[in-house]
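As a plain string of letters, each chain reads:
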Amino acid sequence: LDATVMGFDLADKTLGLVGFGRIARRVTEMARAIRLRVRAFDPFVAASAIAEAGAVPCATLSELLACAQVLSLHAPLSPATRRLIGAEQLALLPRGAVLINTARGPLIDEAAVLAALESGQLAGAGIDVWETEPAAPDHPLLRHPKVVATPHLAAYTDEGRRRSHVAAAEHVLAALR
């Protein structure tokens, strides 16, 4: 077998969610269906609500990072969350973890992610959002062999676009009422 293309099972791994809004709750449902253990950190969501949704609440980001073999970001961008995940936080993850950022590009320090990939601290990353969009064609993460990269269009499907348009129309109608 070619070890360079060897994957790994998600079953029985720990998924760490940073932020626990609507999307992270849906991710929790899907993750549990494939036997991922789900833990979550969100300082604005009650621990009881996280537990009721099927995840184990973490009191701090550091607590979450220490056990997250897969880390998925679902936080909004604010001054407090800009570069929330940098070299210090990546070092807290178990060696060989995977980072997924489909939330906001500036939540991560892209240079720190590149360094963590090069050192083996991260086994891989899935990135759909970038600090500067569109990402430059020569961005070192865009074509990195350990990165699955998309140009902020992972949700760009016929169904997703339709849902977005219907939701926008419903908001306009609600405002007019």
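Placed above this text is the structure.
This structure is a prediction, so every number in the text was calculated from the model and none was measured.

Quick notes on helix α1 (residues 22-33)
Step number 1: Spanning 12 residues, α1 covers 17 Å between terminal C-alpha atoms, matching the ideal 16 Å at 1.5 Å per step.
Step number 2: The inward-facing, buried residues of α1 contact β1 (14-18) and β2 (37-41).

Topic: the nonpolar core
Step number 1: Judged by nonpolar contacts, the single largest core of 29 residues is most densely connected at Leu71 and Leu122.
Step number 2: The greatest single-element share of this core, amounting to four residues, is contributed by helix α5 (residues 110-119).
Step number 3: The contacts of Leu122, once residues within four sequence positions are left out, are Leu90, Leu93, Ala97, Val98, Leu99, Val113, Ala116, Leu117 and Lys146.
Step number 4: Among the nonpolar cores identified, the runner-up in size contains 14 residues, and Ala31, Ala40, Ile50 and Val70 belong to it.

Some thoughts on the layout of surface pockets
Step number 1: Each pocket or cavity is described by its volume, and for the second largest pocket that value is around 410 Å³.
Step number 2: Along the wall of the second largest pocket there are 23 residues; nearest its centre are Leu10, Leu15, Val70, Ser72 and Ile100.
Step number 3: Residue assignment for the lining of the second largest pocket shows that the elements contributing at least two residues are α1, β4 (70-73), β5 (97-101), β6 (122-127) and β7 (147-149).
Step number 4: Tallied by class, the residues present in the lining of the second largest pocket amount to 16 nonpolar, five polar and two charged.

Section: unusual backbone geometry
Step number 1: Cis geometry is found at the peptide bond from Glu133 to Pro134, where omega equals 0°.
Step number 2: With respect to the helices and strands, Pro134 occurs in the loop between β6 and β7.
Step number 3: Although it is not a glycine, Arg35 adopts a positive phi angle of roughly 70°.
Step number 4: Relative to the elements of secondary structure, Arg35 occurs in the loop between α1 and β2.
Step number 5: A residue is classified by how much of its surface remains accessible, and Arg35, at 52% relative accessible area, is exposed.
Step number 6: Phi at Arg83 takes a positive value of approximately 55°, unusual for a residue other than glycine.
Step number 7: Examined against the element boundaries, Arg83 turns out to sit in the loop between β4 and α4 (87-92).
Step number 8: Take Arg83: its relative accessible area is 43%, and that puts it in the partly exposed class.

Calculation criteria
- Residues numbered from 1 in each chain as written.
- Predicted model: local features only at pLDDT ≥ 70, side-chain atom pairs only at ≥ 80, totals over all residues.
- Heavy atoms only, no water.
- Helix = DSSP H or I, 4+ residues; strand = E, 2+ residues; numbered from the N terminus.
- Expected span 1.5 Å × (residues − 1).
- Contact = heavy atoms within 4.5 Å.
- Core = buried A, V, L, I, M, F, W, Y, C linked by side-chain atoms within 4.5 Å.
- Buried < 20%, exposed > 50% of the residue type's maximum accessible area, 1.4 Å probe, protein only.
- 1 Å grid on protein atoms, 1.4 Å probe; cavity = no way out; pocket = protein on both sides within 12 Å on 5 of 7 lines; lining within 4 Å.
- Points joined across faces, edges and corners; volume = space filled by probe spheres on them.
- Nonpolar A, V, L, I, M, F, W, Y, C, P; charged D, E, K, R; others polar.

Bear in mind that shape data such as this cannot, by itself, settle questions of function.
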